[in-house]
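# Results of the structural survey
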Amino acid sequence: MKEGTMRSIILALLLLTCLAMVYMTAAILARALRERRNFSLPLLTTGIALYAGFYLLELTTPTLDTALVMIGFEYIGISAITVSLFLITRDFTGAPRIRWYAVVALAAVPVISTILMMTVRHHQLLYINPRRMPSFGLNVVAFDRGPWYLVNTVYIYTALCYGVLKFALSLNKRKAGMRRLATYMLVGFTVPFAGSALYVAGLTGGIDMAPVALGLSAIAFGLGSFRYQLFNIQPLARSAVFEQMRDATLVVDMEGTVLDYNAAAARLFPPLDDTIKAGDRSRTTRILDLVQEGMPDDGSLLNFEPEGQDDIHVEVRLSPITTSGGREVGQIVTFVDITERIHLEEQLNDSATRDPLTGLPNRRKYYELAATELDRARRHARPIGIAIMDMNDFKEINDTYGHAAGDEALRLAASLCTSALRSADVVARIGGDEFAFIFPECDEEGAEKAAEKVRSVVCAATFTHDGTVIKLCASLGAVGSVGPVHPDLEELVVEADRRMYAEKREIKKRKLREAVRQDGGNSIE
């Protein structure tokens with residue numbers, strides 16, 4: 001390639017780099033000032049703009065003294081670049097805000113190098129025997145390296161190596177969001193590393209292409225910053241305890257893309273690992289779509305059951321991620337496992353509505369179910385039946401054989417009633433030895449038939465307690481209503497209860513007549 005063409009390409013690259021960095025500095029600095037944080041990236045772009053701009057002047061200036069002055073200003077840019085590389089790495093990894101004295105310590109070597117460059121004519125610590133040398137039609141400054149030049153070079157390479165190591169390690173992490181951001185950062189640190197190494201090795205004809213390489217780095221950092229919210233979401237959301245959190249947590253950007261998630265989230269949503277590793281954004285956002293669609297308007301709490309895990313209940317909390325300037329840049333989605341709480345609530349509700357001895361609904365639950373069925377019968381103009389059952393001679397069983405036998409008698413009666421009825425029917429224990437029934441779709445005749453079935457099953461049953469055979473017996477009263485106009489529930493229950501006691505009195509009379517007959521006495525009406 002002709003010398004004039006190479007000269008034009010080199011100058012054009014430097015000019016474009018300088019202008020691009022000025023533009024990026026304006027854009028990024030405006031946001032940093034608005035948010036009052038993350039000044040490391042505009043510091044880098046400012047340094048690169050100074051480096052590229054004054055290197056352009058160095059190559060085109062006619063005298064050595066003027067070129068050395070330009071190099072002094074280049075070193076100001078290099079100082080800013082070196083410090084910013086350390087700060088950018090800290091920003092990405094979410095390290096605490098650096099103290100002022102740490103910044104002074106980081107800037108010590110670059111500042112000393114800049115001062116030595118400004119006074120280079122008075123010592124040989126940095127440049128020894130500086131001179132002009134033509135290269136591609138440009139005037140480059142050649143020199144022998146002083147002892148401090150080596151110190152400064154080691155310092156710059158330390159900053160680059162620190163970043164390369166940090167982001168190379170991040171690539172091994174299984175989170176796709178972290179890997180994607182780390183790739184941008186790794187490219188940003190590797191490109192100037194390579195460019196600087198070629199220059200130091202003397203393989204570029206004396207032309208330092210580090211400003212252009214650093215410009216490419218800044219573009220990579222800028223993409224990470226604007227496209228993936230590199231310095232806004234990740235450090236804010238990812239703390240030292242992120243992976244150790246019991247609650248599953250996702251970090252998402254404003255478009256709903258999952259940037260990061262912890263180990264608990266991977267366990268709660270097993271497909272999450274594979275879909276994010278494969279870069280399938282549409283599948284990873286299904287979780288967020290589900291949350292957003294079911295989110296109530298008046299709060300940020302939602303209960304749902306994750307796919308494939310019907311016995312797990314989680315509560316979803318959405319928390320916005322905002323910058324110090326108040327701008328929302330994403331969300332933290334937390335899935336709190338409330339399975340134990342739900343089970344406890346179910347148990348408490350069950351204990352409040354279910355009889356612990358028989359497992360049947362209790363009085364409170366019975367009236368609740370009966371009211372619901374009666375309301376349904378009224379709406380659809382359908383019949384309904386109600387029945388009440390009271391165990392006969394239950395007190396005698398308790399007094400003669402003990403309460404354990406009485407409990408056994410109640411459990412057996414409950415089991416017999418349940419097995420004798422349809423699945424739509426309801427039986428409940430509403431008192432000591434008293435049971436109540438609901439017979440949907442049964443008129444007076446249907447209710448009587450259902451009650452007779454229960455009566456025959458219970459009265460035919462016996463059980464053995466401590467070697468003694470004990471016989472069950474019960475009285476039932478049933479009532480049915482055809483509709484469409486039905487009496488009140490209490491009226492139906494009272495009528496069924498009245499009929500049950502009428503049957504109980506009749507049974508007692510029959511037993512008394514039988515006893516008198518056996519004794520040869522007079523019958524009693």
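To be clear, the structure that these remarks concern was listed above.
Residues numbered from 1 in each chain as written. Predicted model: local features only at pLDDT ≥ 70, side-chain atom pairs only at ≥ 80, totals over all residues. Heavy atoms only, no water.

## A word on the overall build of the chain
Summing up its helical and strand segments, the chain has 18 helices and 13 strands in all. Once local pairs closer than 6 in sequence are excluded, the contacts in the chain between residues at least 24 apart make up 64%. (Helix = DSSP H or I, 4+ residues; strand = E, 2+ residues; numbered from the N terminus. Contact = heavy atoms within 4.5 Å.)

## A few points about the sheet that holds strand β10 (residues 434-440)
One open sheet accounts for four strands, arranged β9-β10-β8-β13; its pairing is antiparallel. Strand pairing shows two members of the sheet lacking a second neighbour, β9 (426-429) and β13 (474-481), which therefore form its edges. Each adjacent strand pair in this sheet contributes to an overall mean axis angle of 15°, direction not counted. One ladder, built from four bridges, connects β9 with β10; its direction is antiparallel. (Pairing = 2+ DSSP bridges. Axes fitted to C-alpha atoms, helices over the stretch in contact; angles between N-to-C directions.)

## A closer look at the nonpolar core
Ranked by size, the top nonpolar core spans 41 residues in total, and within it Leu44, Leu68, Tyr75, Leu85, Met117 and Tyr127 carry the most contacts. Listed by contribution, the elements that provide at least two residues to this core are α1 (3-35), α2 (40-60), α3 (64-93), α4 (100-118), β2 (138-145), α5 (147-170), α6 (176-200) and α7 (210-227). Among the elements that line this core, the one with the most residues is α3, at twelve residues. Residue contacts for Tyr75: discarding those within four places in its chain leaves Ser113, Thr114, Met117, Leu126, Tyr127, Tyr149 and Asn152. (Core = buried A, V, L, I, M, F, W, Y, C linked by side-chain atoms within 4.5 Å. Buried < 20%, exposed > 50% of the residue type's maximum accessible area, 1.4 Å probe, protein only.)

## Comments concerning the packing of aromatic side chains
Per the counting criterion, the structure on display carries nine aromatic pairs. Summarising the aromatic geometry, the rings of Tyr127 and Tyr149 are spaced 6.3 Å apart at their centres and angled 55° between planes, so their arrangement reads as tilted. Remark: Tyr149 occurs in helix α5 and Tyr127 occurs in strand β1 (residues 127-135); sequence separation between them is 22 residues. You can call Tyr127 buried: its relative accessible area is 5%. Judged by its relative accessible area of 9%, Tyr149 falls in the buried class. Here a set of aromatic residues connected by ring pairs shows up, and it is made of Phe86, Tyr155 and Tyr162. (Phe/Tyr/Trp six-rings, centres within 6.5 Å; stacked < 30°, edge-to-face > 60°.)

## Side note on the side chain of Thr82
Considering the arrangement of structural elements, one finds Thr82 in helix α3. The contacts of Thr82, once residues within four sequence positions are left out, are Pro110, Tyr155, Ile156 and Ala159.

## Things to note about a nonpolar patch on the surface
Taken together, the side chains of Val69, Phe73, Ile76 and Met118 make up a nonpolar region of the molecular surface, amounting to roughly 320 Å² of accessible area. Counting residues per element, the nonpolar patch draws most heavily on α3, at three residues. By the element assignment, Met118 lies in helix α4. For Met118, a relative accessible area of 43% gives the class partly exposed. (Patch = residues over 30% accessible without salt bridge, like charges linked within 9 Å, V, L, I, M, F, W, Y side chains within 5 Å. Areas by Shrake-Rupley, 256 points an atom, 1.4 Å probe, with all protein chains shown as cover. Salt bridge = Lys/Arg side-chain N within 4 Å of Asp/Glu carboxyl O.)

## Overview of the pattern of salt bridges
Enumeration according to the criterion identifies 21 salt bridges in this entry. The shortest N-O distance in the salt bridge between Arg379 and Asp375 comes to 2.4 Å. Residue Arg379 and its partner Asp375 are both found in helix α14 (residues 363-380); the two are separated by four residues, about one turn of the helix. On the basis of relative accessibility, which here comes to 55%, the residue Arg379 falls in the exposed class. Across the salt bridge formed by Lys511 and Asp393, the nearest N and O atoms sit 2.6 Å from each other. With Lys511 in helix α18 (residues 489-519) and Asp393 in the loop between β8 (384-391) and α15 (394-401), the pair connects residues that are 118 residues apart, well separated along the chain. Accessibility expressed as a relative area gives 41% for Lys511, which makes it partly exposed. Ionic contacts of the salt-bridge type, sharing partners, join the residues Glu444, Glu448, Glu495, Arg498 and Arg499 into one network.

## A closer look at the packing of helix α16 (residues 403-420) against helix α17 (residues 444-459)
It is the contact of α16 with α17, at a shortest axis distance of 9 Å, that shows an interaxial angle of 140°. The angle between α16 and α17 places the two elements in the oblique class. In this structure, α16 meets α17 at a crossing whose hand is right-handed. Listed contacts from α17 to Leu416, Cys417 and Ala420 of α16 are Lys453, Val454, Val457 and Val458. The class makeup of the residues in the contact of α16 with α17 is six nonpolar, no polar and one charged. (Parallel < 35°, antiparallel > 145°, perpendicular 65-115°, else oblique. Left-handed = near helix turned anticlockwise from the far one by under 90°. Nonpolar A, V, L, I, M, F, W, Y, C, P; charged D, E, K, R; others polar.)

## Some remarks on empty space enclosed by the protein
The full count for this structure, using the stated rule, is two cavities of 30 Å³ or more. Computed from the structure, the largest cavity encloses a volume of approximately 480 Å³. Lining the largest cavity are 28 residues, with Tyr51, Ile78, Ile156, Tyr199 and Asp208 positioned closest to its centre. Partitioned by chemical class, the residues of the lining of the largest cavity number 20 nonpolar, five polar and three charged. (1 Å grid on protein atoms, 1.4 Å probe; cavity = no way out; pocket = protein on both sides within 12 Å on 5 of 7 lines; lining within 4 Å. Points joined across faces, edges and corners; volume = space filled by probe spheres on them.)

## A short note on unusual backbone geometry
That bond from Gly483 to Pro484 is cis: its omega, 5°, falls within 30 degrees of zero. Despite not being glycine, Asp393 shows a phi value in the positive range, around 60°.

## Considering the side chain of Thr249
Tracing the backbone through its elements, the reader meets Thr249 in strand β3 (residues 248-253). From its side chain, Thr249 meets the backbone oxygen of Asp247 in a polar contact 3.2 Å long. (Polar contact = N/O pair within 3.5 Å; in protein donor to acceptor, adjacent residues only side chain to side chain.)

## Quick notes on the environment of Gly432
If you trace the backbone, Gly432 turns up in the loop between β9 and β10. Judged by relative accessible area, which is 46%, Gly432 ranks as partly exposed. Sequence separation between Gly432 and Met391 is 41 residues, and the spatial gap between their C-alpha atoms is 9.3 Å.

## Overview of the pairing of β3
Counting buried positions along β3 gives six out of six residues, so the element sits mostly inside the fold. Of the two faces of β3, both are covered, the one formed by Ala248, Leu250 and Val252 as well as the one formed by Thr249, Val251 and Asp253. Here β3 runs beside strand β7 (residues 328-337); their pairing, made up of six bridges, is antiparallel. Its bridge partner lying in β7, Ala248 is registered against Phe335. Sheet analysis places β3 next to strand β4 (residues 258-261), joined by three bridges and oriented antiparallel. When the sheet's bridge partners are listed, Val252 is paired in β4 with Val258. Remark: four residues form the turn of the hairpin made by β3 and β4, two consecutive strands paired antiparallel; Gly256 in that turn has positive phi of roughly 85°.

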